[in-house]
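The chain contents come next:
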Amino acid sequence: MWKRRKRRARRPRSSAPELCDLCGDTFPAGEAVRGYVADSSSAHPTDERHDGLRRVTACCEAHFGMIREEYGRRPFVDEELWAAKISRVMMSGPPAVPMVRLARRTGLHEPDIRRAIAWHNERRRRLGE
């Protein structure tokens with residue numbers, strides 16, 4: 001005769017808590033308010049369609065609105081976005097890339113690449129790095 005196996009009680013799967021980008025509070029993932037804001041410093045690591053967009057998470061609609069306002073006051077600088085795209089390419093391949101290949105891999109034109117490099121160098125000088 002076959003013995004019946006005891007059924008083990010399934011443990012509920014608990015998802016990792018979310019973190020509010022404004023106040024830093026943690027809360028259940030199901031309560032998260034998420035969306036995208038324009039941010040020229042953000043280049044998506046794998047999907048260039050999301051370049052210039054930053055995904056933010058908030059604990060409530062009010063905090064999401066405050067985050068959106070904060071990013072809305074920040075200027076969108078094309079050269080900053082282009083520099084982020086160039087950084088993504090440089091981090092994913094050989095460190096020395098000819099201008100033609102860099103243009104092809106970033107989707108930028110040579111003058112835009114030069115403007116991005118100049119912007120990046122000027123910013124580093126200003127920040128004292």
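Overview of the structure.

Things to note about the environment of Ser-87
Here is step 1: Relative to the helices and strands, Ser-87 is located in helix α2 (residues 78-91).
Here is step 2: On a C-alpha basis, the gap between Ser-87 and Ala-43 in space is 8.9 Å, while along the polypeptide they are 44 residues apart.

What about the pattern of salt bridges?
Here is step 1: Throughout the structure, instances matching the rule amount to 10 salt bridges.
Here is step 2: Note that Glu-18 is salt-bridged to Arg-34, the shortest N-O span being 2.7 Å. With Glu-18 in strand β1 (residues 18-19) and Arg-34 in strand β3 (residues 33-38), this residue pair connects regions lying 16 residues apart in the sequence.
Here is step 3: The salt bridge partner of Asp-39 is Arg-74, with a shortest N-O separation of 2.9 Å. Separated by 35 residues along the polypeptide, Asp-39 in the loop between β3 and β4 (53-58) and Arg-74 in the loop between α1 (61-73) and α2 bring together distant segments of the chain.
Here is step 4: Looking at Asp-39, the relative accessible area reads 2%, which means it is buried.

Describing the side chain of Arg-88
Here is step 1: Its location among the elements puts Arg-88 in helix α2.
Here is step 2: Discounting chain neighbours no more than four positions away, the residues touching Arg-88 are Ala-43, His-44, Pro-45, Glu-48 and Asp-51.

Thoughts on helix α3 (residues 99-106)
For the α-helix, the turn length of 3.6 residues means that residues three or four positions removed from each other point alike.
Here is step 1: Within α3, burial applies to Leu-102, Ala-103 and Thr-106. Along the axis of α3, the buried positions cluster into a sector of 100°, meaning they face one direction only. Pointing more than 90 degrees away from the buried face of α3 are the exposed residues Val-100 and Arg-104.
Here is step 2: The inward-facing, buried residues of α3 abut α2 and α4 (110-127).
Here is step 3: At the exit of α3 stands Gly-107, carrying a positive phi of roughly 80°.

How each quantity is defined
- Residues numbered from 1 in each chain as written.
- Predicted model: local features only at pLDDT ≥ 70, side-chain atom pairs only at ≥ 80, totals over all residues.
- Heavy atoms only, no water.
- Helix = DSSP H or I, 4+ residues; strand = E, 2+ residues; numbered from the N terminus.
- Salt bridge = Lys/Arg side-chain N within 4 Å of Asp/Glu carboxyl O.
- Buried < 20%, exposed > 50% of the residue type's maximum accessible area, 1.4 Å probe, protein only.
- Contact = heavy atoms within 4.5 Å.
- Arc of directions from axis to C-beta.

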